[in-house]
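Observations on the three-dimensional arrangement
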Amino acid sequence: MGSFHLTKMSFKNLFSKPATKLYPIEPPVYTPMTKGRVVVDMKECTLCSVCEKKCPSSAITVDKPGETWTLNPFACVQCYACVRVCPKDCLTMLADYTPSATKKSLVIEKKPELTPEEKAAKEAKDKEKAERVAAAMAKKAAKDAAAKAADDTK
């Protein structure tokens, strides 16, 4: 009776589809909510370090003076907290897993150099901001002088 059961199971498996996928031939299909690896868009990132503060495993490090953003993928727990709190939406969670590695390494992203057009736009913006600050300071000084003059007349 046991050999008949074994023969029946063998024929069934011979003529049916495989129960598993052939991984190297067929790539895995990830669902939209698969938590994989964190990626940053450094052009959009302002290095505000909110993601660093919200990361429960301290996997993210932001160096504002050095303009670098560092991720330790082996410490990251894929909790999605950094992606949710990013004010500029420059962090994304890709729906694939971190590629295998032979040694532990950090993912270091550096702020890209500005193009001449971007530099000119930034300088113009900074100049406009400085003018607004100077105008506000002058207005405040005039207001304070008027208030002091009003107090002196009393």
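Conventions adopted
- Residues numbered from 1 in each chain as written.
- Predicted model: local features only at pLDDT ≥ 70, side-chain atom pairs only at ≥ 80, totals over all residues.
- Heavy atoms only, no water.
- Patch = residues over 30% accessible without salt bridge, like charges linked within 9 Å, V, L, I, M, F, W, Y side chains within 5 Å.
- Areas by Shrake-Rupley, 256 points an atom, 1.4 Å probe, with all protein chains shown as cover.
- Salt bridge = Lys/Arg side-chain N within 4 Å of Asp/Glu carboxyl O.
- Helix = DSSP H or I, 4+ residues; strand = E, 2+ residues; numbered from the N terminus.
- Buried < 20%, exposed > 50% of the residue type's maximum accessible area, 1.4 Å probe, protein only.
- Pairing = 2+ DSSP bridges.
- Axes fitted to C-alpha atoms, helices over the stretch in contact; angles between N-to-C directions.
- Phe/Tyr/Trp six-rings, centres within 6.5 Å; stacked < 30°, edge-to-face > 60°.
- Domains from an automatic or database assignment.

It is worth spelling out a nonpolar patch on the surface at this point. Side chains of Phe11, Leu14 and Phe15 sit close together on the surface and give an oily, nonpolar patch of about 400 Å² of accessible area. For Leu14, the position within the fold is in helix H1 (residues 2-14). When its relative accessible area of 58% is taken as the criterion, Leu14 is described as exposed.

So, about the pairing of strand S4 (residues 91-94). Every second residue of S4 is oriented toward a common face, the buried set being Leu91 and Met93 and the non-buried set Thr92 and Leu94. Pairing analysis gives four bridges linking strand S1 (residues 37-40) to S4, with the strands arranged antiparallel. Bridging across to S4, Arg37 finds its partner in Leu94.

We now examine the sheet that holds strand S3 (residues 68-71). Taking strand neighbours across the sheet as the criterion, the three strands line up as S2-S3-S5 in an open arrangement whose pairing is antiparallel. Edge positions in the sheet fall to strand S2 (60-63) and strand S5 (107-110), since each of these pairs with one other strand and no more. The average undirected angle you get between the axes of adjacent strands in this sheet is 15°. Taken together, the four bridges between S3 and S5 define a ladder with antiparallel strand orientation. Within S5, the residue paired with Trp69 across the bridge is Glu109.

If you walk through the whole model with that rule in mind, you get one aromatic pair. Between Phe11 and Phe15, the ring centres sit 6.4 Å apart and the planes meet at 0°, which makes this aromatic pair stacked. Phe15 gets classed as exposed once you look at its relative accessible area, which sits at 69%.

Partitioning the protein chain into domains gives domain 1 (29-112) and domain 2 (113-154). With centres defined by C-alpha atoms, the gap from domain 1 to domain 2 works out at 37 Å.

For the coordinates displayed, the defined rule picks out three salt bridges. Between Asp96 and Arg37 there is a salt bridge, and its shortest N-O distance comes to 3.2 Å. Of this pair, Asp96 sits in the loop between S4 and S5 while Arg37 sits in strand S1, placing them 59 residues apart in sequence. Taking the relative accessible area as the measure of exposure, Asp96 reaches 25% and is therefore partly exposed. On the basis of relative accessible area, Arg37 is assigned to the partly exposed category, the value being 28%. The salt bridge involving Glu128 is made with Arg132; its shortest N-O contact spans 3.1 Å. Linking Glu128 with Arg132, this pair stays in helix H4 (residues 116-153), spanning four residues, or about one helical turn.

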